[in-house]
Amino acid sequence: MKKLTVITVALLAILVLPAIAVDTYKITGRDYIGCVNKEDFEELTSLTVQGDKEAYEGLIAELILANTITLFKEGEAVYLEDAPWGGLTGVVQLRRLGERLKYWTNSEAIHNSK
């Protein structure tokens, strides 16, 4: 009986989940860096504003080695996972279609693809 319940729930999930409308977005204008950790993204932004190229490049290298940074390409489809204060903070959390890992990037990186 328990096995039948699990199978029933799994089948319902397969049938129902595609029917839930979720907006997808596209990366717009140019390529954007995304970081797994919001603090890392904010530090990169701060270093950019300060013009500290050496520290910026050092942090990029660390994040590459830790595999916690990505480059979103223009036109790439993504889901919006989080937008603190409705995106007014300037950062959003995105997830690529078919992937589970989420990244923080600039809010101007996306536009609704509908």
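Heads up: these notes are all about the structure in this document. (Residues numbered from 1 in each chain as written. Predicted model: local features only at pLDDT ≥ 70, side-chain atom pairs only at ≥ 80, totals over all residues. Heavy atoms only, no water.)

## Re the side chain of Gln93
Here comes step 1: For Gln93, the location among the structural elements is in strand E5 (residues 91–96).
Here comes step 2: Residue contacts for Gln93: discarding those within four places in its chain leaves Tyr79, Leu80, Glu81, Asp82, Lys102, Tyr103 and Trp104. (Helix = DSSP H or I, 4+ residues; strand = E, 2+ residues; numbered from the N terminus. Contact = heavy atoms within 4.5 Å.)

## Observations regarding the layout of surface pockets
Here comes step 1: Put simply, the largest pocket is a space of about 200 Å³.
Here comes step 2: In terms of lining, the largest pocket is formed by Arg30, Asp31, Tyr32, Ile33, Phe41, Leu44, Thr45, Thr48, Tyr56, Leu71 and Asn106.
Here comes step 3: For the lining of the largest pocket, the secondary structure elements donating two or more residues are strand E2 (32–35) and helix H2 (38–50).
Here comes step 4: For the lining of the largest pocket, the element with the highest residue contribution is H2, accounting for four residues.
Here comes step 5: Tallied by class, the residues present in the lining of the largest pocket amount to six nonpolar, three polar and two charged. (1 Å grid on protein atoms, 1.4 Å probe; cavity = no way out; pocket = protein on both sides within 12 Å on 5 of 7 lines; lining within 4 Å. Points joined across faces, edges and corners; volume = space filled by probe spheres on them. Nonpolar A, V, L, I, M, F, W, Y, C, P; charged D, E, K, R; others polar.)

## Examining the pattern of salt bridges
When their charged atoms lie close together, side chains carrying opposite charge are able to pair.
Here comes step 1: Throughout the structure, instances matching the rule amount to five salt bridges.
Here comes step 2: Two residues, Lys73 and Asp31, come together in a salt bridge whose shortest N-O distance is 3.4 Å. Remark: Asp31 occurs in the loop between strand E1 (24–27) and E2 and Lys73 occurs in the loop between strand E3 (69–72) and strand E4 (77–82); sequence separation between them is 42 residues.
Here comes step 3: With relative accessibility at 45%, the residue Lys73 sits in the partly exposed group.
Here comes step 4: The shortest N-O distance in the salt bridge between Glu81 and Lys102 comes to 3.9 Å. With Glu81 in strand E4 and Lys102 in strand E6 (residues 102–106), the pair connects residues that are 21 residues apart, well separated along the chain.
Here comes step 5: Accessibility expressed as a relative area gives 32% for Glu81, which makes it partly exposed.
Here comes step 6: Several salt bridges converge on common partners, so that one network encompasses Glu81, Arg95 and Lys102. (Salt bridge = Lys/Arg side-chain N within 4 Å of Asp/Glu carboxyl O. Buried < 20%, exposed > 50% of the residue type's maximum accessible area, 1.4 Å probe, protein only.)

## A closer look at H2
Here comes step 1: Between the first and last C-alpha of H2 there are 18 Å, a value that for 13 residues agrees with the 18 Å anticipated at 1.5 Å per step.
Here comes step 2: Listing the buried residues of H2 in full gives Asp40, Phe41, Leu44 and Leu47. Taken end-on, H2 shows its buried residues confined to a sector of 125°, consistent with a single buried face. Within H2, the exposed residues directed more than 90 degrees away from the buried face are Glu39, Val49 and Gln50.
Here comes step 3: Next to the buried residues of H2 lie E2, helix H3 (53–66), E3, E5 and E6.
Here comes step 4: Once H2 ends, the next one or two residues include Gly51, with phi positive near 75°. (Expected span 1.5 Å × (residues − 1). Arc of directions from axis to C-beta.)

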